[in-house]
Each structure stands twice: as structure tokens, then as C-alpha cells.
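# Overview (structure and organization)
These are the residues of each chain, in order.
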Amino acid sequence: MKILILFFLINFNFLLTQEYVDEPYSPRNSLGLFGGVGLNFHAANFQTLPGIDGCCDEYNVGSGLGYNFGLFYDMPVSTKIDLDIRLIYAEMGANLLKARVQKVQDANYQEVDNAEVEFSIDSKLTTFGLEPLLAWKVSDQLRIKAGVRVAYLLSNNAIQSEKVLTPSYGVLIDKDGNQRREINKYDGEIPEIGSIDISIVGAISYDLPLNKNYTWFLVPEARYSLGLMSYHPDDLWQSNQLTGGLGIRYAPRKLKPVTPPPPAPPPPPPPPLPMPPPAEPELEANIIAMSVDENGNESSVATIKVEEFVQNKTHPLLNFVFFDNNSDQIPLRYTRITESEKENFSFKQFFSQTTMEVYHNILNIVGKRMAFYPQAELTLIGCNSNTGDEKNNTDLSKRRAESVKKYLIDNWNIRPDRIKVEARNLPSVASNPTAEDGIEENRRVEIETNIPLLFEPMIVLDTLRNTSVPNLRFKPNVKTPIGIKSWKLSASQNNKTIKTFTGKNDLPKVIDWDFVGEENQKYIPNSELPIQYNLEITDNDSKVWASDMQSLPMRQMTIQNKIWENVEDYEIDEFLMIGFGYNKSDLNEGNKLIADRAKLRVRDYSENDIKGYSDRMGNDDYNKRLSERRALEVADYLEINKKFVKGIGEEILLYNNDLPEGRYYSRVVKIVIKTPI
């Protein structure tokens, strides 16, 4: 016996000192028992039980006491709300009374005035049901609950009676003509009563901890249930209950694991085995890096210098919205904002964004500017490719224009009367309708306006990073007797991969990392940490071999460095000119507007660069000559020496030519003006 007591004391002390993962009132599952006493209130509007003789004017109210008890299980829904599920047995009976003054008889069949007669129905109702409640935690201990009770009637007995209270000699006449002080007596089940009882339940409870571990709680509770079902098939007879009671709740908590004692130190390692002779590798790989200048001359790379410049970029706005084949839905690549987000929409957010990112905000730019220019009106001209499913489908063209109109109305609150919708097949100036790229470009909505300022080019401040070499060239060297399955060349900076080249089968003799072009700005290294690179090879035997990690030194000259070190700097202005007519090189009004702005930035001491580009459509040589003619026209207009002009054509595609807007923005003349400051 003493051993058992000692064992209990040790374990009880352990429980008192044990630490828990959660807090005393943290949300957690719990279960328990409850019981209480209820005051039942019956609301009624009937004269007698169904099919039972009686002559009461009308029963209205009744009352009685009843017990209830059951089980509950609580589970947290959130930090503030629990789901309380209960199985409950409840006594819902009450005594309905009605008294009136009327004439009765005495034993000699003489009438007696002002006799008091009592009509009563004493109901005995018990239920068992399910009660789901939502409990809101006002505090750690106080909870307010609401829910429903769906219960089954276990018993539904009633005792009906009509009797004379005063005078003592008064009697009533029953249906058989007999004199009795009590008539129409009935004791049995309530006829035609339903088997289901449904109530709305509200409650308030308070948790009182019973132990130091906060796992057992005494829960006083007050509850009120409002009956929704009638016990009478034709008239009103509902039961409500006000209950006070107590419950016991058990809410287990998670124990913190006991930290085990540290393990015994491991035995000393055995002496190392002698190294085996090195095996001849079956796969070897190495790689070297070279810089390549504009003329293609290679040289060993010692340091790559990255320099930052302030750049003013002029992004022209293309007044087209392109659509997918046989679709009137605005493609997901166009940026959407909600009506609530438009208040924070600002053109400042286009800082450091590419021209394509700016263009994909075209609907928001138009919406913002239309709000600024209330006199502005739009004409939306829906077009189709006039081929395949879209052949002569002007209804599709109209739906495309209506989609753009709906976005401006819903998201920018533009009045519908400011937007006119038209439809046609091919655009008035269509792209080549026999080429797949041209067909794709003709699926569009053209936006015209009476206020040209709506499509004024977007001018943003940007930071340009230039490198001391146009590109890096990697030269791999691989030896394998069974051939290459795949390869990967990775370049990283500060443990973050910034460029990856991959391929299958044999490696090319050289791999070029091109730093030229707007789309490649994000690949230019942006810190002074060295660039690390290596080559990984998988041969046809699935054996992997990687070259040693190699480093390229970096030097970065940021704008802030230049200010601190008082270094000579440049301001760079970049202008893009789009919208040249088909097979034409002369400047339209929109391009002249951009060219006039560029002319204001040119100085006698500026370094100028004018390049013409094209998309992938058409003949390579012809595209190069056309792009050069357009660049020469721009140089003449700006009065800039033609030695700064070059036609690139489609040798360098500025944007993704798989998109129609990418091809339009590739048919440009780019003006770069570099001015010492």
C-alpha cells in the first residue's frame, strides 16, 4: 500500500511540474457533462386537444419545471469561435390553465350564478436530441452561444380536466347528462402530435478552472430555447425554456516533450583506410570564359565593370488590344485592377518597367487619363482576322469592343455615353492576312479618341546598367566516350542563379551570354560580388560530371558611387518610335511628336545612337534595309549625323515575337541620346 501511495505522489508531482505546449485558454478540443433545471413557458392558441371533448374558450399560456442533462463536445473553428455539439435530454412539459366565471347547477338542478370553473391540460413532454451551437469567446472564460436543437419526442402525455372550483356544491353536466364536479377528463397521449421538436437556442457560460493545469473546468450556464414546432396539428402550442445549470468540461493539453539526456559520446573513429589509387574518369568537363567586343573579337576576361546611369525612357503607347482566336475575352496578359484599386493607381509605378509591361497596362492608362480629361471620348473598333471561324464574324468583332468598353465602365467608372462601339472584319490597315502572324495581329480592338493626349507616350525615370563588354562567351571542353545526354551551364551571384543555359546532346563550341537589349537588362549582374559559373554534364549512361566552380571578378559603379566620388556621368534619354506605315519609312504625326521631344534633348556634345529594328515577318535582308531607311528618316528629322545610324532588322528581336504586340513593338526606331552632365 505504501508503494502505491509513493507511486501516486511521484506521478502527481510530475503532472504539476510538467510544462505544456499551449496556453491555459488556447483553443483546443474538449468534452464534458452538463445538467440543469429549466422553467418551461408554453404559448398556445387552442381550445381542446385534437379529437378530445372539451369546452375551454382558449388556452394561451402555461408553465412548468423540467430537468435537462447530456453530453457535449467542443472543437475550435477559429481563435474566437468554437463549435459546441450536444446530446441533450430535456423535460419540456407545462400546465396550461384557464379559469372563467359561468353558470353551473346544484344537486337539485337549480342554476348557480358566478361559479368559478377551471380548465387545465397538464402536459408531460420529454425529448432527446442533437444541439449544435456556435460559441463566441467574449474573453478567455466567457462565451456566448447560439444554435438550434433538433429533438425527438420520447413521451407526449397530457391530463385534461374541467372542474368546478367554487361553490363547493356546484356541478357540471357531462355529455351523458350526468351531474359531476369534474367532466371531460382525459389521461393519455396527445393525439396527432408530431415526433420532431425544433428550437432556436441561445446561451451564456463561464469557465471556472478546477485545477492548476487548466484541464478541468466547472461551467455555470444560462440558456434559453425558443420553440419553432407546434404540438397541436391545427393551432398554436409551442414550448420555450429558460434553464440554469452546471457542466464539467475536460480540455486536455499537449505536454512539452521531456528533453532526453544527452547521448554518450561516440567511440573514436577507426583509423582511415589507405586511399585507393585514383581511377581514370570516364567523363571530364571544363569551361573557360572570354569577353567579346562589338566586332566579335575575343579576349581574356579579368574584370567585368557594370555602370549605372540615369535614363529617361519614352514608352510609346500602342492603341490596340489583341484577342485570342475566336475569343471576345481580354487576354490575361493585360493588367487588370479592381474599382477599389484604381485610387492607388499611379504612373509612378512604371519606374524600371519595360515597354511591354507599360503597354500591358494600356486599359488602365486610358481609364486614368479619361478620368483626368472628362471631355475625352472613345471609339472602339472591333476587328477580326476574317479567316476560319472568324470569317465575316462582325458579331465577334463587336463583342471584343464591348469587352473593352465594359472594363472601362466597371473598373474606371467611365460613363457609357463617352464610349462608342463599332465593328468590322479586317482592320482598315490590316497586317498580312495570309501569314499566321498577320492573322493573329488582325484580331484586335482599335482605340480612337478625340483627345490625342490619351495616347501621349509614357515618360518614366529608369536606371540603366551597362557592362564593359557587350557579352560573355563560354567555351566548354568535354571528353566522354559514350556521348552527352544533357548539359547545363549556370551563372550565379551571391548564391543566386542569374542566368542558365541548357541543352541536349552535344554542346555547342561556344555559348554566348548577350548583355545587349532591353529584355536582357534583368540578366546583367547587379552587385560587386564575383560571378561564379560551372558546367554540368550528364552522359548517356546517366553519369553526372561537373566542372570546377570558377569566378569572374566584378566591379560596379552605381549612381550613388558616382556622386560620392565626383565621377563624370551621363544622362541617357531613350525614345521608341512605332507605327510606321506598311513598307513605309516616313514619320507619321505620332512619331513626329516623339521626335520633337527627342530633338529638345540633343546637344552638340551628345553621343547619339539611332537604330532601326523589325519583327520576324518577311525577308531578312529586306527587313534590315527597311529598318535602316526608317532610322535615316529619323536622323534627318533630328538633324543628326548619319554615321550614328544603323539598321538592325530582325537580327535582334527586341520583344517576344510570339505575341502580336511583341512584333509591333519590334518594328521600331530606337533613339538613344547620351549627354555628359
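Each value, and the rule that gives it
- Residues numbered from 1 in each chain as written.
- Predicted model: local features only at pLDDT ≥ 70, side-chain atom pairs only at ≥ 80, totals over all residues.
- Heavy atoms only, no water.
- Helix = DSSP H or I, 4+ residues; strand = E, 2+ residues; numbered from the N terminus.
- Polar contact = N/O pair within 3.5 Å; in protein donor to acceptor, adjacent residues only side chain to side chain.
- Contact = heavy atoms within 4.5 Å.
- Buried < 20%, exposed > 50% of the residue type's maximum accessible area, 1.4 Å probe, protein only.
- Core = buried A, V, L, I, M, F, W, Y, C linked by side-chain atoms within 4.5 Å.
- Axes fitted to C-alpha atoms, helices over the stretch in contact; angles between N-to-C directions.
- Parallel < 35°, antiparallel > 145°, perpendicular 65-115°, else oblique.
- Left-handed = near helix turned anticlockwise from the far one by under 90°.
- Nonpolar A, V, L, I, M, F, W, Y, C, P; charged D, E, K, R; others polar.
- Pairing = 2+ DSSP bridges.
- Salt bridge = Lys/Arg side-chain N within 4 Å of Asp/Glu carboxyl O.
- pLDDT = per-residue confidence, 0-100.
- Expected span 1.5 Å × (residues − 1).
- Arc of directions from axis to C-beta.

## Here's the deal with the side chain of Asp-573
Topologically, Asp-573 is positioned in strand S30 (residues 570-577). Engagement of the side chain of Asp-573 in a polar contact is seen with the side chain of Arg-601, the distance being 3.1 Å. Setting aside chain neighbours within four positions, we find Asp-573 in contact with Asn-312, Arg-601, Ile-671, Val-672 and Ile-673.

## Remarks on helix H3 (residues 362-372)
In terms of burial, H3 is a largely internal element, eight of the eleven residues being buried. Within H3, burial applies to Ile-362, Leu-363, Asn-364, Ile-365, Val-366, Gly-367, Arg-369 and Met-370.

## Side note on the nonpolar core
By size, the foremost hydrophobic cluster in this structure holds 46 residues, and its most contacted members are Leu-318, Tyr-359, Ile-362, Leu-378, Leu-380, Val-404 and Leu-454. When contributions to this core are tallied by element, the ones reaching two or more residues are strand S17 (320-322), helix H2 (355-359), H3, strand S18 (378-382), helix H4 (394-412), strand S20 (444-449) and strand S21 (458-467). Not counting the four nearest positions on each side in its chain, Leu-380 is found in contact with Ala-401, Val-404, Lys-405, Ile-419, Lys-420, Val-421, Glu-422, Val-445, Glu-446 and Ile-447. By size, the runner-up hydrophobic cluster in this structure holds 25 residues, among which are Ala-90, Met-92, Ala-115 and Leu-125.

## Focus on the packing of H3 against H4
Contact geometry for H3 and H4: axes closest at 10 Å, N-to-C directions at 55°. Classified by the angle between their axes, H3 and H4 sit oblique to one another. In the crossing of H3 with H4, the sense of the turn from one axis to the other is right-handed. Residue-level contacts link Leu-363, Asn-364, Gly-367 and Lys-368 of H3 to Val-404, Tyr-407, Leu-408 and Trp-412 of H4. Each residue belonging to the contact of H3 with H4 can be placed in one class, and the counts come to five nonpolar, two polar and one charged.

## A look at the pairing of strand S13 (residues 236-250)
Sheet topology places strand S1 (residues 30-46) next to S13; 15 bridges connect them, and they run antiparallel. Looking at S13, one finds that Leu-33 is bridged to Ile-248. Sheet analysis places strand S12 (residues 216-227) next to S13, joined by ten bridges and oriented antiparallel. The residue of S13 that forms the bridge with Glu-221 is Gly-245.

## A look at the pattern of salt bridges
By the definition in use, this model includes 41 salt bridges. The partner of Arg-473 in a salt bridge is Asp-512, with the nearest N and O atoms 2.7 Å apart. Placement of Arg-473 in strand S22 (residues 471-479) and of Asp-512 in strand S25 (residues 511-514) is noted, with a sequence separation of 39 residues between them. The buried category is assigned to Arg-473, whose relative accessible area is 15%. Residue classification places Asp-512 among the partly exposed positions, given a relative accessible area of 34%. Close ionic contact of Arg-616 with Asp-658 constitutes a salt bridge, the shortest N to O distance being 2.8 Å. A residue pair is termed long-range when its members are at least 10 positions apart, and Arg-616 in the loop between strand S31 (607-613) and helix H8 (620-638) and Asp-658 in the loop between strand S32 (645-649) and helix H9 (660-664) qualify at 42 residues. Counted as one network, the salt bridges with shared partners bring together Asp-437, Glu-440, Glu-441, Asp-615, Arg-616, Asp-658, Arg-663 and Arg-667.

## Notes on the sheet that holds strand S19 (residues 419-423)
Taken together, the four strands give an open sheet; going across it, the order is S17-S20-S18-S19, and neighbouring strands pair in mixed fashion. At either margin of the open sheet sits one strand with a lone partner, and together these are S17 and S19. In this sheet, neighbouring strand axes are inclined to one another by 20° on average, regardless of whether the strands run parallel or antiparallel. Examined bridge by bridge, S18 and S19 share five bridges and lie parallel to one another. Considered in S19, the bridge of Leu-378 is made with Ile-419. Packing of H4 onto the sheet brings it into contact with S18, S19 and S20, and relative to S19 it is tilted by some 160°.

## A word on the confidence of the model for the chain
Chain-level statistics for the chain give a pLDDT mean of 85 and a share of 88% at 70 or above. This stretch, residues 6-16, has a pLDDT under 50; its non-local contacts, to residues over four places away or in other chains, come to three contacts.

## Brief notes about the environment of Pro-50
Along the polypeptide, Pro-50 turns up in the loop between S1 and strand S2 (59-76). In this view, Pro-50 contacts Pro-191, Glu-192, His-232 and Pro-233; residues no more than four positions away in its chain are not counted.

## Thoughts on helix H7 (residues 589-601)
Between its terminal C-alpha atoms H7 stretches 19 Å, which fits the 18 Å expected from 13 residues at 1.5 Å a residue. If you check which residues of H7 are buried, you get Asn-591, Ile-594, Ala-595 and Ala-598. Along H7, the residues classed as buried sweep out an arc of 100° about the axis, all on the same side. Exposed and facing more than 90 degrees away from the buried side of H7 are Glu-589 and Leu-600. Those residues of H7 that are buried lie in contact with S30, H8 and strand S33 (669-676). One side-chain oxygen of the residue at the start of H7 lies 3.3 Å from the amide nitrogen of Gly-590, identifying that residue as Asn-588.

## Thoughts on unusual backbone geometry
Cis rather than trans, the peptide bond between Thr-166 and Pro-167 has omega equal to -5°. Note on placement: Pro-167 falls in the loop between strand S6 (142-166) and strand S7 (172-173). One non-glycine residue with positive phi stands out, namely Tyr-109, at about 65°. Turning to its location among the elements, Tyr-109 is positioned in the loop between strand S4 (95-105) and strand S5 (111-137). Overall, the relative accessible area of 53% leaves Tyr-109 in the exposed class. For Glu-192, which is not glycine, the phi dihedral falls at a positive 55°. Mapped onto the fold, Glu-192 is located in the loop between strand S9 (182-189) and strand S10 (196-206).

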